[in-house]
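The lines below spell out each chain.
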Amino acid sequence: MSEQRIKIETEFIKLQDLLKFAGAVETGGEAKVLIQEGAVKVNGEVCAMRGKKLRPGDRASLDGVTLVVE
């Protein structure tokens, strides 16, 4: 499993935006489908909310890649 650190300049980033920003998906529609199918975990738990706010220290994982918000 690989890990990618994502530095944000704001208080939070929405899950679907994080996936797009990190290049894990190409479109918001693709992010929506993957999240609704339960393919994305946030802090180790399946998350079905694409608008979930992630703050520094949160982790999202998809297809063996972990995105760490800094």
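Note: the structure precedes this text.
Residues numbered from 1 in each chain as written. Predicted model: local features only at pLDDT ≥ 70, side-chain atom pairs only at ≥ 80, totals over all residues. Heavy atoms only, no water.

**Q** Go over the sheet that holds strand 1 (residues 2-6), please, and point to the residues and values.
**A** Read across the open sheet, the 5 strands follow the order 1-7-6-3-4; overall the sheet is mixed. Each of the sheet's edge strands pairs with one partner strand only, and the pair in question is strand 1 and strand 4 (45-46). As judged from the 2 bridges shared by strand 3 (residues 41-42) and strand 4, these two strands associate in the antiparallel manner. The residue bridging V42 from the neighbouring strand is E45, located in strand 4. (Pairing = 2+ DSSP bridges. Helix = DSSP H or I, 4+ residues; strand = E, 2+ residues; numbered from the N terminus.)

**Q** Residue-level account of the pattern of salt bridges, with values.
**A** Summed over the entire model, instances satisfying the criterion amount to 5 salt bridges. Residues R59 and E3 are paired through a salt bridge, measuring 2.5 Å at the closest nitrogen-oxygen approach. You can see R59 sitting in strand 6 (residues 59-62) and its partner E3 sitting in strand 1, a full 56 residues away along the chain. Using a relative accessible area of 44% as the deciding quantity, one classes E3 as partly exposed. Taking the shortest distance from any N to any O, the salt bridge between R55 and E11 comes out at 3.6 Å. Note that R55 is positioned in the loop between strand 5 (53-54) and strand 6 and E11 in the loop between strand 1 and strand 2 (13-14), a separation of 44 residues in sequence. When its relative accessible area of 34% is taken as the criterion, R55 is described as partly exposed. The class for E11 is exposed, based on a relative accessible area of 57%. What emerges from the salt-bridge pattern is a single network uniting E3, R5, R59 and E70. (Salt bridge = Lys/Arg side-chain N within 4 Å of Asp/Glu carboxyl O. Buried < 20%, exposed > 50% of the residue type's maximum accessible area, 1.4 Å probe, protein only.)

Read these as spatial facts, not as claims about activity.
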